[in-house]
Amino acid sequence: MRIWGLFLMFAGCAGGGIQYCAIQKKRLALLRHTLSALEILEGELGTSALPMPELCQLLQRHSELAVRDFFLELTQRMPELGRRSFASIWRQAARCHLAGLGEAPMEAYLALGEKLGRYELEQQLSAVRQCQRALRRSLESAEAAYPAERKLGMGLSLSLGALLLILYL
């Protein structure tokens, strides 16, 4: 019976490392999908004169994961415009669905929401490009750091499991 307990304890430590790696991979996917949505947003802003509600619906249909949920919430909250600003709706949806982006990308994304639908088209496009650059930098640094973080996360969790096994044997 004690062997099973030790095995489960070690498996729990290994599972913690696997979970850590899964969170890191999920963050990378979220950054990629958010960048993809911003590319569509930039293209649509530059070529068509879609009103913001229709643009949000289009982005919802062409997005994945939490980014789709973000644009879905934005679309659902559009009737609140007038009582609330677009920026506050954007901010609430972003904090709810895109919290995994990280601090710097989130700040850039929230700043984008302050400019969309509020300024001239060129200023909006400039804000989209600025947000894309910030997210791209975060994605590149996260991709570069991921192999080392994966090794560290798995190494620490497996080492902890081994240490606990030694202590209890």
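Worth saying up front: this structure is predicted, and the values here are computed from it rather than measured.

Under the 1.5 Å per step criterion, the end-to-end length of helix H5 (residues 103-115) is 19 Å for 13 residues, consistent within 8% with the ideal 18 Å. Along H5, the residues classified as buried are Pro105, Met106, Ala108, Tyr109, Leu110, Leu112 and Gly113. Those residues of H5 that are buried are in contact with helix H1 (2-47), helix H3 (65-76), helix H4 (86-97) and helix H6 (121-168). Looking one or two residues beyond H5, the residue adopting positive phi is Gly117, at roughly 70°.

H5 packs onto H4 with a crossing angle of 155° between their chain directions and a minimal axis gap of 8 Å. One finds that H4 runs roughly antiparallel with respect to H5. Judged by the sense of rotation from one axis to the other, the crossing of H4 with H5 is right-handed. Facing H4, whose interface residues are Phe86, Ala87, Trp90, Arg91, Ala94 and Arg95, H5 presents Met106, Tyr109, Leu110, Leu112, Gly113 and Glu114. Partitioning the contact of H4 with H5 into residue classes produces eight nonpolar, one polar and three charged.

Rules behind the numbers
Sequence order sets the numbering: in each chain, residues are counted from 1 along the sequence as written. Per-residue local features are limited, in this predicted model, to residues with pLDDT of at least 70; the limit for side-chain atom pairs, both in listing and counting, is 80 or more; totals at the level of whole chains, interfaces and linings are taken over all residues. Calculation of side-chain values draws on the structure's entire complement of heavy atoms; hydrogens and water are dropped beforehand. Strands here are runs of E lasting at least two residues and helices are runs of H or I lasting at least four, both read from the DSSP assignment and numbered beginning at the N terminus. Take the residue count of a helix, subtract one, and multiply by 1.5 Å to get its expected span. Categorising residues by exposure relies on relative accessible area from a 1.4 Å probe, with only protein chains included: less than 20% of the type maximum marks a residue as buried, more than 50% marks it as exposed, and the intermediate range marks it as partly exposed. Contacts: residue pairs with any heavy atoms within 4.5 Å of one another. Each axis is a line fitted through C-alpha atoms, and for a helix only the stretch in contact is used; angles between axes span 0 to 180 degrees, taken between their N-to-C directions. For this classification, under 35 degrees means roughly parallel, over 145 means roughly antiparallel, 65 to 115 means roughly perpendicular, and everything else is oblique. Two helices that cross are described as forming a left-handed crossing if the nearer one is turned anticlockwise from the farther one by less than a right angle, and a right-handed crossing if clockwise. When residues are grouped by polarity, Ala, Val, Leu, Ile, Met, Phe, Trp, Tyr, Cys and Pro land in nonpolar, Asp, Glu, Lys and Arg in charged, and all others, Gly among them, in polar.

Geometric values such as these leave the question of function open.
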